[in-house]
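# Structure at a glance
For reference, the chains in residue letters:
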Amino acid sequence: NLVLRKNDLNNVAFCMAFLSKNKYPQIFDHYLTGLGLLSKSDILLKFDNNALEAFTNALQLLLQEYFGVSLESFINDPAGSVGGVCEEWEQEDKSRLKSLVDWVYSDKKSKFKAQPDDVAIVKILFDSLFNKLARNAAQKKLEAKREE
């Protein structure tokens, strides 16, 4: 019952066009590594911790390169640090994101078992920021063509 709509297909086109002009391939290396790790996870062998680390690295680089803010600054002020992109970021997700990021950048000596929801928090946040960048780039290109 979940049929792709025109808006969904446009969104994919915006993202693919943005990726083709991307100046920072390491961001998407981390992101694609995270996707690969998720696809290889199963009931016997879980790669959630590894995927969490890959998506967190991708998020950190995305924020740094495209928004000019650190991941720490973003966590402290999600809406303000990226120009209102994440206005509806919930306080609960914000505090959970902080604890996940703290673990990713720790010495990893403490036992931690990431859950799929933990990985999803970081991945979905990355996706929403990336989506916004892709849409803005497409909008600017469209406006430039109209002015020609």
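Refer to the structure printed above.
Residues numbered from 1 in each chain as written. Predicted model: local features only at pLDDT ≥ 70, side-chain atom pairs only at ≥ 80, totals over all residues. Heavy atoms only, no water.

## Some details on the layout of surface pockets
Considered as a void within the structure, the largest pocket measures approximately 270 Å³ in volume. Forming the walls of the largest pocket are 14 residues, and the residues nearest its centre are C15, M16, L19, Y31 and F130. When residues of the lining of the largest pocket are traced back to their parent elements, those giving at least two are helix 1 (6-20), helix 2 (25-40) and helix 7 (116-147). Sorting elements by how many residues they give to the lining of the largest pocket places helix 1 first, with six residues. Of the residues that constitute the lining of the largest pocket, the class distribution is 10 nonpolar, two polar and two charged. (1 Å grid on protein atoms, 1.4 Å probe; cavity = no way out; pocket = protein on both sides within 12 Å on 5 of 7 lines; lining within 4 Å. Points joined across faces, edges and corners; volume = space filled by probe spheres on them. Helix = DSSP H or I, 4+ residues; strand = E, 2+ residues; numbered from the N terminus. Nonpolar A, V, L, I, M, F, W, Y, C, P; charged D, E, K, R; others polar.)

## Observations concerning the pattern of salt bridges
Counted according to the given criterion, the structure contains three salt bridges. Its salt-bridge partner being D102, residue K98 comes within 3.4 Å of it at the nearest N-O pair. With K98 and D102 both in helix 6 (residues 91-104) and four residues apart, the pair spans about one turn of that helix. By relative accessible area, K98 is classed as partly exposed at 40%. (Salt bridge = Lys/Arg side-chain N within 4 Å of Asp/Glu carboxyl O. Buried < 20%, exposed > 50% of the residue type's maximum accessible area, 1.4 Å probe, protein only.)

## Some details on the side chain of D48
Summarising the element assignment, D48 is placed in helix 3 (residues 48-67). K46 is the oppositely charged side chain nearest to the buried, salt-bridge-free D48, at an N-O distance of 4.4 Å. (Lys, Arg positive; Asp, Glu negative; His and termini not counted.)

## Some thoughts on a nonpolar patch on the surface
Together, V12, M16 and L19 give the surface a local cluster of nonpolar side chains, amounting to about 280 Å² of exposed area. Among the structural elements, M16 can be located in helix 1. (Patch = residues over 30% accessible without salt bridge, like charges linked within 9 Å, V, L, I, M, F, W, Y side chains within 5 Å. Areas by Shrake-Rupley, 256 points an atom, 1.4 Å probe, with all protein chains shown as cover.)

## Structural notes on the nonpolar core
I27, L52, L59, L63, L97, V122 and F126 are the most contacted members of the largest nonpolar core, which totals 34 residues. Mapped onto this core, the elements with two or more residues apiece are helix 1, helix 2, helix 3, helix 4 (71-76), helix 6 and helix 7. For this core, the element with the highest residue contribution is helix 7, accounting for nine residues. (Core = buried A, V, L, I, M, F, W, Y, C linked by side-chain atoms within 4.5 Å.)

## Side note on the packing of helix 2 against helix 3
Relative to each other, helix 2 and helix 3 sit at 160 degrees, their axes nearing to 8 Å. In terms of orientation, helix 2 lies roughly antiparallel with respect to helix 3. As for how helix 2 packs across helix 3, the hand of that crossing is left-handed. Only D48, N50, A51, A54, F55, N57, A58, L61, L62, E65 and Y66 of helix 3 make contact with helix 2, whose side of the interface consists of Q26, I27, H30, Y31, T33, G34, L35, L37 and L38. Among the residues forming the contact of helix 2 with helix 3, the class breakdown is 12 nonpolar, six polar and two charged. (Axes fitted to C-alpha atoms, helices over the stretch in contact; angles between N-to-C directions. Parallel < 35°, antiparallel > 145°, perpendicular 65-115°, else oblique. Left-handed = near helix turned anticlockwise from the far one by under 90°. Contact = heavy atoms within 4.5 Å.)

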